[in-house]
Each structure stands twice: as C-alpha cells, then as structure tokens.
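One-letter residues, chain by chain:
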Amino acid sequence: MLRKTVLCSLAAIILLAWSAPLKPDASFASPSRPKLVVVLVIDQFRYDYLMRFRPYFVKGGFNRLLDGGAVFTDCRYDYATTITGPGHATLLTGAYPNIHGIIGNEWYDREQKRKVYCAEDTSTHEVASGDEAGTAPGFSPRNLTASTLGDELRIATNFRAKAVSISLKDRAAVLMGGHTPSAAYWYDTGLGGFVSSSYYMSALPAWVDDFDKQTPTKSYCGQKWQALPETPDAKGKVLSDFQPSAGAACPDAKFLRWLDNTPFMNEIELGFASDAVRSEHLGKGPETDILTVSLSENDYIGHRFGPYSVEVADVTLRTDRYLAKFFDDLDKSVGLDNVWIAFSADHGVAPTPAFIQEHKLGIGLARPAAVREAAEKALTQAFGPGPWIEAEDEVHLFLNRDTLKARNVAEAKAEEVAAEAAAAQPDIEAAFTRTQFVTGSLPNSPIARKAANSFNFKRSGDVFLVFAPYAVPSSTFTGTTHGTPWNYDAQVPLIFWGSAFKPGFYATPCQPIDLAATLAARLGLTQPSGAQGMPLASALK
Ligand SMILES: [Zn+2]
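This is a predicted model, so every value here is computed, not measured.

**Quick word on the pattern of salt bridges**
Argument step 1. For the coordinates displayed, the defined rule picks out 24 salt bridges.
Argument step 2. Its salt-bridge partner being Asp78, residue Arg449 comes within 2.9 Å of it at the nearest N-O pair. Residue Arg449 is found in helix 18 (residues 446–454), and its partner Asp78 is found in the loop between strand 2 (70–76) and helix 4 (84–93); the two are separated by 371 residues along the sequence.
Argument step 3. A residue is classified by how much of its surface remains accessible, and Asp78, at 11% relative accessible area, is buried.
Argument step 4. Ionic pairing is found between Asp314 and Arg318, a salt bridge with its closest N-O pair at 2.7 Å. Taken as a pair, Asp314 and Arg318 lie in helix 12 (residues 310–333) at a separation of four residues, close to a single helical turn. One exposure class covers both Asp314 and Arg318, and it is buried.
Argument step 5. Among the charged side chains, a salt-bridge network with shared partners connects Arg110, Arg401, Glu411, Arg434 and Asp462.

Laid out in structure tokens, this is it:
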C-alpha cells in the first residue's frame, strides 16, 4: 500500500514537471461583443452531409460556414438519448439531460401516472393570429432545469439584450430559447401560421400577424416537390406531388399537411427568421442580441426516407440555397461583420432498417414491445403474477411500485431481473438499473457513461435501455429514426463563424455541449447554470 502511494506521488510530481506551463489566452482578456449571435440548428443533420453534399453546395450557404468558419470534424454527443427535445436543450444549456432535465420528447411521470410532453405547460395557452387566439394549449420551458446561453446573455445585460427563438417545432423553439427570451415562435400546421404561447406574450406582434396574413404557403400551391437538377442520383424526378381534393381551395388543411413534409417549409421558416431580425431590430440595440433558429424539415423528411435517399439529398441542397439567401438577408439588415454564427444539429440518424438488412450491418428493426414483454415475463417467473411494468417510454421501463410493495419485492432486485431479461434480447446492447445509477456502480464503459449523462434521478425510469448498433426502434421498415448513443445518431456538425473565430478544420474531438460554453466564454458571460462543456479555445482568435 505504502509502495503504491509513493509511486502515485512520484508519478504526480513527474506529470506536474512535464506538463506545459499554463499560458495566458489573450482572446479572453476582453470579451468581444458582436451585434448579433445566431445559433443555427438543423434537425437531424449528420456531419457527413456537409462532406457528401459539399460538391453540390452553392457559394453563400453551407460553403460560407465551411470556408470561413472554425469547423469541428469530430463533434459527438456523449449521451445515450439523441432525440430532438434533449438535443436542443443540450445545445443551448451546454449540459446533458442528467442536468437539464429534458430526458426525452416525452416521458412517463410516475406521480401523474401519464406521459408528459417536454415543452407542455397546461397553465399556458397558444397565442395565434385572429380568431384562433387562445384556443389551444400552450408551451413553455418549465420542464427545463438549467439556464440557456440566451438566459445568461439577458441576465448579464439587465434584459436589454433581445433573445428570439424560432423553429417549426414548438419544443425546439421553446428549449433553445430558455426561460427568459424576448419571444419564441413556432409553426402550427393546423392554423397554417406562426404562433407563440402566453408564457412569452399576450398577443402576437403586428409583424407576425402580417407574416401569417400574407399566407406564404400560398405561393407553393400548384407546385410539386421536384428534385433540383444538381441533386445527385435524382435526375430531377418528382419526389412528391400534391393531389388536391376536387374543388378545394388552396392552401387547405390537406395541402398544409403535404407542405409540412417538403423542404419548402424551411424556406418559409427562414423567411420568417429574416423578418424577425428586421422587425424585432435584432443586432440594432446597445447590446449583443441572440437569435436561435432550428430548421425542422430535414428531420421530417429524414424519418420518412433515411439518410441515403434522394429526398434527404434534395432537402440538404435546398436548405443550402435557402441559407445562402438567409445569410444575405442578415448581411443587409445587420451586416455580417457584426454577426457570429454557431451551427450544429440536435442529432443524426440511423440508416433505414431496410438498408441495414440489405447491407448486413445489423438487425435493422428493433422491437421495444418485445423487450417490455420479456421483462414482464421474467418478473412474473421470479416473483409471481404482475403487472410488474407500469409504463415504458423511448428508453425506460418503469416498474409498478404498488405490485412491488404488495409482493414485498425489493426495487433493486426487481430492476435487476427486468434489466437482465431486457439485455438478453438481441436488439438490446445494455440495460442499466436505477440502483446502478444512484449508487455509482455502473460498469466502467463508454456506453454506461453515455447512459449516465442521459439519466435524470427525478425523471428517469427503473431500467435504462440501450439498443444495439444498427437496431433501430423505427415504426416502419423503410423509414428510420434516431435516439441511440451510436455515432450515426451522435455525430453532428459544429461550426463557429465570425470575427472571433479562426477559420479552418479542427479534428480535435469535442461535444455539442461545447457550443454554449464557447460562446459564453467568448462573450464574457457566466456559463449557463448546468453547463459542462469546455470553451474550444483553439478556435478563438
Ligand atoms: Zn427526429
């Protein structure tokens, strides 16, 4: 024992002597403050899309970021639940769900005995244009248990900085915006317009009303979704054609639903974001403002067709062209010299189960229902008739505590039996128990670490499931999904663009939690309350 201690001390002294002396970093001496920070997120956008489709990009879109930005080539989420709600919360809080609390798009709430939605808030209502105002439930960040970059910017400027958050998806806009934004807007397909919630405002500002009243969806009436001539392997074919009902006016509800599965909604959304910059005077005030934008069509289309489809190729190329226009708009209204842009994604995506099977990569289709059945059966065999499992969600099994009590079975023992049965299923890589998380007795493995970053003591279930690589919990064979720790779901772009950043490609491994940490450090702000990311100092001027 003594020998070991001496050896350890010696090793520590040698390490200290050999480590490079601490060097000051001049870039932090005085915070630089652009007029506007834009955090751009594309839903379900894998890093490899930037490389695969680069030959087909135009000049001012993604190429503007790739040529002029600090591009991190190996940015991977270090958690197990790569889903939309958790991803957006992670990017702007710089923390994982164990801290920010958004463990899924929805999860089972044991006290309320029902599933709760990540952005739900029954004390709020939707704020929309015209007669529809106030009729639907609203959304808010009440389930988010950490502050965001925008929150810290607002607090540091005594709320003079403006923070606006926009997405087609409510949860993306709400979770990126955090607790104190000036405004958050998302798209209500049923109404065919952008809306907000009474959490943020009592009525939409006039410019949003005007935008909605102009019915931008109308200009797509009569259009087909036809692949661009440049889209590889598509040969300009029609990818989706709308068939109106006889005598229907356009845009009607059916048309709006169709449009919501085409790239065109990204164009409308970026037009709305450009309007927001102009109308809310972002980048014109005394402080740095922040705009967070998440484009959602890439996710909707990716789910239906998979990452190797011509549809995903085409939405990527079209998004590139829409972004070129958006960046030009920013230049006109704020001046790009005054803007920093940070770009990332909330998650990647798996190939479709059909693709996986065809190319013998793995099982293809995972069957979560079979996992639950196996766990219930094992518990019944061990302890008698159940019901033993009360609920399940994307990655958790929740044990029925009434049954445990009635049969006098220790929770830890039941968790173990359920986890063992789940882990024996071919589509499950690992199953961890609540007791393992709580007592710190997880195995020392990368997958256990990722699971721990996803596990929230208050909200997570009793058994935590990790699907095997290429076992995709998709609802269809030809569609696909994401939500696992594997690199196809976890690796995303991370680019910083603007006067504070050294352009170039950086192979340094990093994580999306470094986005908020880097921006907060460079702006001279307090890090968001739960942020665990590291400022990427090598990319700073
Ligand atoms: Zn998705």
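Now that the structure has been shown, the text picks up again.
**A closer look at the sheet that holds strand 15 (residues 389–392)**
Argument step 1. As summarised here, the arrangement of the four strands in space is 15-16-18-17, forming an open sheet in which the pairing is antiparallel. Because the sheet does not close on itself, it has two edges, and the strands there are strand 15 and strand 17 (428–433). Going across the sheet, the axis of each strand differs from the next one's by a mean of 20°, ignoring polarity.
Argument step 2. Bridge analysis of strand 17 against strand 18 (residues 463–467) gives five bridges, and the strand direction is antiparallel. Pairing of Phe432 across the sheet is with Phe464, part of strand 18.
Argument step 3. In this fold helix 16 (residues 411–423) packs onto strand 16 (396–399), strand 17 and strand 18, with an angle of close to 175° to the strand it touches most, strand 17.

**A look at unusual backbone geometry**
Argument step 1. Cis geometry marks the peptide bond from Cys250 to Pro251; its omega dihedral reads 5°.
Argument step 2. A cis geometry characterises the amide bond from Gly386 onward to Pro387, with omega recorded as 10°.
Argument step 3. Within the secondary structure, Pro387 is located in the loop between helix 14 (368–383) and strand 15.
Argument step 4. Despite not being glycine, Lys360 has its phi angle at roughly 60°, a positive value.
Argument step 5. Residue class for Lys360 comes out exposed when judged on its relative accessible area of 75%.

**Some words on the coordination of the zinc ion**
Argument step 1. Donor atoms from the polypeptide that bind the zinc ion are Asp299 (OD), Asp299 (OD), His303 (NE2) and His482 (NE2), placed at 2.1 to 2.6 Å.
Argument step 2. Each of the four donor atoms bound to the zinc ion contributes to angles spanning 54 to 158°, and the resulting shape is irregular.
Argument step 3. As a motif over one chain, the donors of the zinc ion read D-x3-H-x178-H. Separated by 183 residues along the polypeptide, Asp299 in helix 11 (residues 297–305) and His482 in the loop between strand 19 (471–472) and helix 19 (487–490) bring together distant segments of the chain.
Argument step 4. Overall, the relative accessible area of 3% leaves Asp299 in the buried class.
Argument step 5. Using a relative accessible area of 10% as the deciding quantity, one classes His482 as buried.

**A short note on the packing of helix 4 against helix 7 (residues 170–177)**
Argument step 1. The geometry of helix 4 relative to helix 7 is characterised by a closest axis approach of 8 Å and an angle of 25° between their N-to-C directions. Of the possible angle classes, the one that applies to helix 4 and helix 7 is roughly parallel. With respect to the hand of their crossing, helix 4 and helix 7 are arranged in right-handed fashion. Contact residues: Thr84, Gly85, His88, Ala89 and Leu92 in helix 4; Arg171, Ala172, Leu175 and Met176 in helix 7.
Argument step 2. In terms of residue class, the contact of helix 4 with helix 7 is built from five nonpolar, three polar and one charged.

**Some details on the state of the cysteines**
Argument step 1. Using the criterion set out here, one finds one disulfide in the structure.
Argument step 2. The partner cysteine of Cys221 in its disulfide is Cys250, sulfur to sulfur 2.0 Å. Linking Cys221 and Cys250, the disulfide has an S-S dihedral of approximately -90° and is accordingly described as left-handed. Remark: Cys250 occurs in the loop between strand 11 (238–240) and helix 9 (253–259) and Cys221 occurs in the loop between helix 8 (206–213) and strand 10 (225–226); sequence separation between them is 29 residues.
Argument step 3. Given a relative accessible area of 24%, Cys221 falls into the partly exposed group.
Argument step 4. Distance from the sulfur of Cys510, which forms no disulfide, to the nearest cysteine sulfur (Cys75) is 4.1 Å.

**Concerning the domain arrangement of the protein**
Argument step 1. Each assigned domain of the protein is listed with its residue range as follows: domain 1 (36–118 + 139–179 + 252–348 + 486–539) and domain 2 (367–467).
Argument step 2. Here the C-alpha centre of domain 2 lies 33 Å away from the C-alpha centre of domain 1.
Argument step 3. Between domain 1 and domain 2, roughly 2000 Å² of surface is buried when both sides are summed, and carbon and sulfur atoms account for 47% of that area.
Argument step 4. Sorting the residues of domain 1 by area buried against domain 2 places Tyr108, Arg110 and Trp486 first, and these three jointly supply 34% of that buried surface.
Argument step 5. Across the pair Asp78 and Lys450 runs a salt bridge, and its minimum N-O distance is 3.2 Å.

Procedures and definitions
- Residues numbered from 1 in each chain as written.
- Predicted model: local features only at pLDDT ≥ 70, side-chain atom pairs only at ≥ 80, totals over all residues.
- Heavy atoms only, no water.
- Salt bridge = Lys/Arg side-chain N within 4 Å of Asp/Glu carboxyl O.
- Helix = DSSP H or I, 4+ residues; strand = E, 2+ residues; numbered from the N terminus.
- Buried < 20%, exposed > 50% of the residue type's maximum accessible area, 1.4 Å probe, protein only.
- Pairing = 2+ DSSP bridges.
- Axes fitted to C-alpha atoms, helices over the stretch in contact; angles between N-to-C directions.
- Contact = heavy atoms within 4.5 Å.
- Donors = N, O, S within 2.8 Å, 3.2 Å for Na, K, Ca; no water.
- Tetrahedral: all angles 85-135°; square planar, octahedral: opposite > 155°, others 65-115°.
- Parallel < 35°, antiparallel > 145°, perpendicular 65-115°, else oblique.
- Left-handed = near helix turned anticlockwise from the far one by under 90°.
- Nonpolar A, V, L, I, M, F, W, Y, C, P; charged D, E, K, R; others polar.
- Disulfide = S-S within 2.5 Å.
- Domains from an automatic or database assignment.
- Buried area = accessible area lost by both parts, 1.4 Å probe.

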